[in-house]
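Secondary and tertiary structure notes
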Amino acid sequence: MSMPTSLNNYLHRVASYHWYIVLLELFLIGIVVHAAITFLRGTRGARVLKGLLLFLVIAYTIITLFGNDLQRVQYLFKQLLVLTSFAIVVVFQPELRRAMTRLGEARLFRPMTAPARGMVDVLCHSVEYLSHNRIGALIAIERDVGLGGLLDGGTVMNADLSSELLNTIFWPGSVLHDMGVVVRQGKLYSAGVQFPLAESSDVSQELGARHRAAMGLSQESDAVVIVVSEETGVISVAEHGRLLRNLTVEGLNSLLLELLGRHESPALRRHAA
């Protein structure tokens with residue numbers, strides 16, 4: 001069968017469907033693709049997914065148009081799809097684990113509340129002091145995805161959040177100063193928490209362990225993570241696997257209000273682009 005005949009038959013089949021059915025299917029496919037791309041954005045899996053999708057689309061198009069003439073290729077393509085399903089589990093293991101973690105720990109019925117400006121002010125006041133004195137800090141603000149399993153190795157404090165307490169924890173020589181703290185529902189819930197480290201390829205070589213930990217946690221959850229560099233005092237924020245650096249205290253204040261208000265920050269969106 002020639003290519004024009006195959007293409008004509010294919011278009012004829014598509015035209016036989018009701019338009020609203022086709023529109024609904026395209027809409028549902030678009031939602032799934034958009035969700036996958038958004039979830040994988042900024043990870044190594046995103047690059048693999050782009051290449052894999054491009055290959056499958058090209059192969060499927062060729063087989064659809066020349067299916068009767070390429071029977072052996074069509075058979076191999078079907079076998080390849082089976083192997084691809086297993087390969088996806090291996091290649092996307094970190095992303096799948098992260099997705100399962102989010103589904104398992106997400107608070108589906110969490111009330112929609114406005115960000116606590118008082119909490120943001122306390123955090124910014126502490127970060128300003130830490131940055132000025134070049135004291136390293138790592139602060140995670142829990143959002144919808146609970147960090148329950150991560151907190152097991154830390155020291156539960158469940159204390160009122162204050163800049164003085166944060167400054168004391170991160171003061172050089174403190175037992176807990178090298179690890180991170182977790183802020184939950186406006187309280188300093190836990191300190192001395194070890195965050196998961198991002199892969200070296202995901203973080204610039206000039207950045208240290210704190211930034212890798214911030215990126216790692218932001219990839220594993222939806223937490224907003226503040227980092228203060230011990231060497232330079234530079235303020236950074238990690239969220240959804242993206243890192244925004246060289247923030248001022250005023251910029252940090254605005255960014256936290258945006259992120260904790262459940263809106264993606266335009267600054268982070270530009271950074272990702």
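Residues numbered from 1 in each chain as written. Predicted model: local features only at pLDDT ≥ 70, side-chain atom pairs only at ≥ 80, totals over all residues. Heavy atoms only, no water.

So, the nonpolar core
If you look at soluble globular proteins, the nonpolar side chains tend to sit buried side by side. Counting residues in each nonpolar core, the largest one holds 33 residues, and the members touching the most others are L123, I139, I226, L252 and L256. If we ignore the near neighbours within four places in the chain, the residues touching L252 are C124, V127, I226, I235, V237 and L247. Listed in part, the 19 residues of the second largest apolar core include L147, F195, V203 and A238. (Core = buried A, V, L, I, M, F, W, Y, C linked by side-chain atoms within 4.5 Å. Buried < 20%, exposed > 50% of the residue type's maximum accessible area, 1.4 Å probe, protein only. Contact = heavy atoms within 4.5 Å.)

Description of the pattern of salt bridges
Evaluated as defined, the whole model comprises six salt bridges. For K187, the salt bridge goes to D160, with nearest N and O atoms at 2.8 Å. One end of the pair, K187, is in strand β4 (residues 187-193); the other, D160, is in strand β2 (residues 155-160), with 27 residues separating them in the sequence. Relative accessible area serves as the criterion here: at 27%, K187 is assigned to the partly exposed category. A residue is classified by how much of its surface remains accessible, and D160, at 60% relative accessible area, is exposed. Through salt bridges that share partners, R143, E239 and R242 make up one connected network. (Salt bridge = Lys/Arg side-chain N within 4 Å of Asp/Glu carboxyl O. Helix = DSSP H or I, 4+ residues; strand = E, 2+ residues; numbered from the N terminus.)

With respect to the packing of helix α6 (residues 117-132) against helix α7 (residues 163-170)
Following both chains from N to C, one finds α6 and α7 inclined at 40°, their axes separated by 8 Å at the closest point. When the interaxial angle is binned, α6 and α7 end up oblique. As α6 runs across α7, the sense of the crossing is right-handed. On the side of α6, the interface is formed by V122, L123, H125, S126, Y129 and L130, while α7 contributes S163, L166, N167 and F170. A per-class count over the contact of α6 with α7 returns six nonpolar, four polar and no charged. (Axes fitted to C-alpha atoms, helices over the stretch in contact; angles between N-to-C directions. Parallel < 35°, antiparallel > 145°, perpendicular 65-115°, else oblique. Left-handed = near helix turned anticlockwise from the far one by under 90°. Nonpolar A, V, L, I, M, F, W, Y, C, P; charged D, E, K, R; others polar.)

Observations concerning unusual backbone geometry
For residues besides glycine, phi is generally negative; the peptide bonds are generally trans as well. Non-glycine residue N158 carries a positive phi angle of around 45°. Owing to a relative accessible area of 43%, N158 belongs among the partly exposed residues under this scheme. Non-glycine residue Q185 carries a positive phi angle of around 50°.

Describing α6
In a regular helix each residue adds 1.5 Å, so 16 residues correspond to 22 Å; α6 covers 22 Å between its end C-alpha atoms and thus fits that length. Burial in α6 covers these residues: M119, V120, L123, C124, S126, V127, L130 and S131. Looking straight down α6, one finds that the buried residues subtend no more than 170° of arc, so they occupy a single side. Against the buried residues of α6 lie β1 (137-141), α7, β3 (180-184), β5 (224-228), β6 (235-239) and α9 (249-260). Looking at the residues trailing α6, positive phi occurs at R134, about 50°. (Expected span 1.5 Å × (residues − 1). Arc of directions from axis to C-beta.)

Comments concerning the confidence of the model for the protein
Parts of the prediction with low pLDDT should not have their coordinates interpreted in detail. Overall, the predicted model of the protein reaches an average pLDDT of 78, with 71% of residues at or above 70. Long-range and interchain partners of residues 108-114, a stretch whose pLDDT sits below 50, account for six contacts in this model, where long-range means more than four residues apart. When the criterion is pLDDT under 50, residues 269-273 qualifies, and its contacts beyond four places in sequence or with other chains add up to seven contacts. (pLDDT = per-residue confidence, 0-100.)

Looking at helix α8 (residues 209-220)
Relative to the 16 Å expected for 12 residues at 1.5 Å per residue, α8 spans 16 Å between its end C-alpha atoms, a close match to the ideal helical length. Of all 12 residues in α8, 10 are buried; the element is thus mostly enclosed. Every buried residue belonging to α8 is among R210, H211, A213, A214, M215, G216, L217, S218, Q219 and E220, and all of these are buried.

A short note on the environment of H177
Within the secondary structure, H177 sits in the loop between α7 and β3. Its relative accessible area of 17% is what places H177 among the buried residues. Remark: the alpha-carbon pair of H177 and A137, spanning 40 residues in sequence, is separated by 7.4 Å. Those residues within four positions of H177 in sequence are excluded, and the remaining contacts are G136, I169, F170, W171, P172 and R210. A distance of 2.7 Å separates the side chain of H177 from the backbone oxygen of S174, its partner in a polar contact. (Polar contact = N/O pair within 3.5 Å; in protein donor to acceptor, adjacent residues only side chain to side chain.)

Considering the sheet that holds β3
Here seven strands make up an open sheet; going across it, the order is β2-β4-β3-β1-β5-β6-β7 and the pairing mixed. Only two strands of the sheet have a single partner each, and these edge strands are β2 and β7 (242-247). Averaged over all neighbouring strand pairs, the angle between strand axes comes to 20°, with direction disregarded. The strands touched by α9 within the sheet are β1, β5, β6 and β7, with β6 carrying the most contacts at an inclination of about 15°. (Pairing = 2+ DSSP bridges.)

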